[in-house]
Amino acid sequence: MLHQFGHLGLRHTQTLRLCRACDRHPRLRIGNVHKSGPRFPSGDTWHSAVTPGNRDLVAYPRVRNGWHKCVLVRVGARIDTRSVRVVRSASRTGVEMTKQSVTVLGTGSMGSALAGAFLAAGYRTQVWNRNHERTTPLVEAGAIAHHDIADAVAASPVIISCLTTFAATRESLLGVDALAGRDLITLNSGTPHSAREFARFAHCAGARFLGGAIKNVPAAVGDAGTLLYFGGDRAVFDTHAVTLRVLGGELEFLGAEPDLAALYESAVGATLLPALLGFLEGAAVLASRGLPAATMVPYSVKWLQMIESLLPVLAGEIDDRDYTRLGSSVELFHTAVADDVRLGAETGVDLSWHAPMNELLRRAVAQGRGAESITAVIELLRTRQLSAGQTPFA
């Protein structure tokens, strides 16, 4: 049975999301709403909404108890209403839950972003949080919240934990028998040692473990350029790669060691606070002259891009232990310490956070490394030399 809406024939369809009231879609500006049209064989009436310009048509049946099917159709196409399957809307967002169930533990800013991305992608999304009230916005968006973490774990074959630390995750999951036979993926912060301990806990609980890290802010979850990397059970990574790609377009498997994501998270993240403090210091220096921080943003961007271009050179010197190629010497930075002291006095800006860095420079010069690249300071940071193959904190 083929139907047409007046002069609009309907053929091509694509599932899309509408709110439960069926009156808007987040990516379409819906214009006039027409509540007439052909009926399903079951007797349910089509409702349609024409977008501005009449280029697209949103059509859907309204049936009892919030059950409906949403489709996006193009003007001039046709649809066979007998082939449309009516499904239940999980919530007011009307997302059709056609994919597997996934459980997200922890609904802070990042956990909520993860759960929201799964909901947007059509996953049946289970959530749990120690403070149950924090799950309310996600429930309103279509998630299923659980008071008991054991129920949340039992609801899905894959569990993604985004609690604050490995210790908090372990404490929350102690005694949860439902972990057995499930895949457990962590996206929380912590040290490599904590990750290894948690991997042993997961193994003893009968779960397969994959440790991960997401290298972006909550607002960027789901973006094509958002990077996630993982270490641990390769089979878990391969099994859930499609699901994990919902969270970010760039996925990397670092290796089978369960602490690799935590290791790289610590290593890469080491640049964050010093870089932010440097920007804040610069803003304070400008403020001493009544200049807004926004005026230095384009110059700071160029400066960071220059540093970015030097990273391969720095890494090469470190790996080769040849500190001669960069050209920016330890002595050059050490000489600038006196200027920093004068700058602080002139502007009234507290530069005491420089003290540990200045001490490293002083020690490097004392060791005769003044003519070497600033990269040579790593030799002072290496407080523990490990023999080949040795793992720290084993």
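Residues numbered from 1 in each chain as written. Predicted model: local features only at pLDDT ≥ 70, side-chain atom pairs only at ≥ 80, totals over all residues. Heavy atoms only, no water.

(A) Region of the structure containing the environment of F237. Counting through the fold element by element, F237 comes out in helix 6 (residues 234-239). Counting along the chain gives 52 residues from F237 to I185, while the straight-line C-alpha distance between them is 9.1 Å. (Helix = DSSP H or I, 4+ residues; strand = E, 2+ residues; numbered from the N terminus.)

(B) A look at the pattern of salt bridges. Taken as a whole and judged by the stated rule, the model has eleven salt bridges. Put simply, D322 and R325 hold a salt bridge, and the shortest N to O gap is 3.2 Å. For D322, a relative accessible area of 28% gives the class partly exposed. Among the charged side chains, a salt-bridge network with shared partners connects D320, D322 and R325. (Salt bridge = Lys/Arg side-chain N within 4 Å of Asp/Glu carboxyl O. Buried < 20%, exposed > 50% of the residue type's maximum accessible area, 1.4 Å probe, protein only.)

(C) Unusual backbone geometry, seen in detail. In this model, R321 sits at a positive phi of 55 degrees, which is unusual for a non-glycine residue. Mapped onto the secondary structure, R321 falls in the loop between helix 10 (297-320) and helix 11 (330-335).

(D) Seen up close, the side chain of T226. Its location among the elements puts T226 in the loop between strand 16 (208-215) and strand 17 (227-232). Within the structure, the side chain of T226 is placed 3.2 Å from the side chain of N216, a separation counted as a polar contact. In contact with T226, not counting residues within four places along its chain, are I214, N216, A220, V221, L247, G248, G249 and E250. (Polar contact = N/O pair within 3.5 Å; in protein donor to acceptor, adjacent residues only side chain to side chain. Contact = heavy atoms within 4.5 Å.)

(E) Seen up close, the packing of helix 4 (residues 166-173) against helix 5 (residues 192-204). Contact pair helix 4 / helix 5: the axes reach a minimum separation of 9 Å and the direction vectors enclose 20 degrees. Considering the angle they form, helix 4 stands roughly parallel to helix 5. In this structure, helix 4 meets helix 5 at a crossing whose hand is left-handed. Note on element contacts: helix 5 touches helix 4 through S194, A195, E197, F198 and F201, opposite F166, T169, R170 and L173. (Axes fitted to C-alpha atoms, helices over the stretch in contact; angles between N-to-C directions. Parallel < 35°, antiparallel > 145°, perpendicular 65-115°, else oblique. Left-handed = near helix turned anticlockwise from the far one by under 90°.)

(F) Fine view of helix 1 (residues 109-120). Over its twelve residues, helix 1 extends 16 Å from the first C-alpha to the last, a length consistent with the 16 Å expected when each residue adds 1.5 Å. Here helix 1 has its buried residues at M110, G111, A113, L114, A115, A117, F118 and L119. Among the structural elements, strand 11 (101-105), strand 12 (124-128), helix 2 (136-141), strand 14 (158-161), strand 16 and helix 7 (241-244) are those in contact with the buried residues of helix 1. One or two residues past the end of helix 1 sits G122, with phi positive at roughly 90 degrees. (Expected span 1.5 Å × (residues − 1).)

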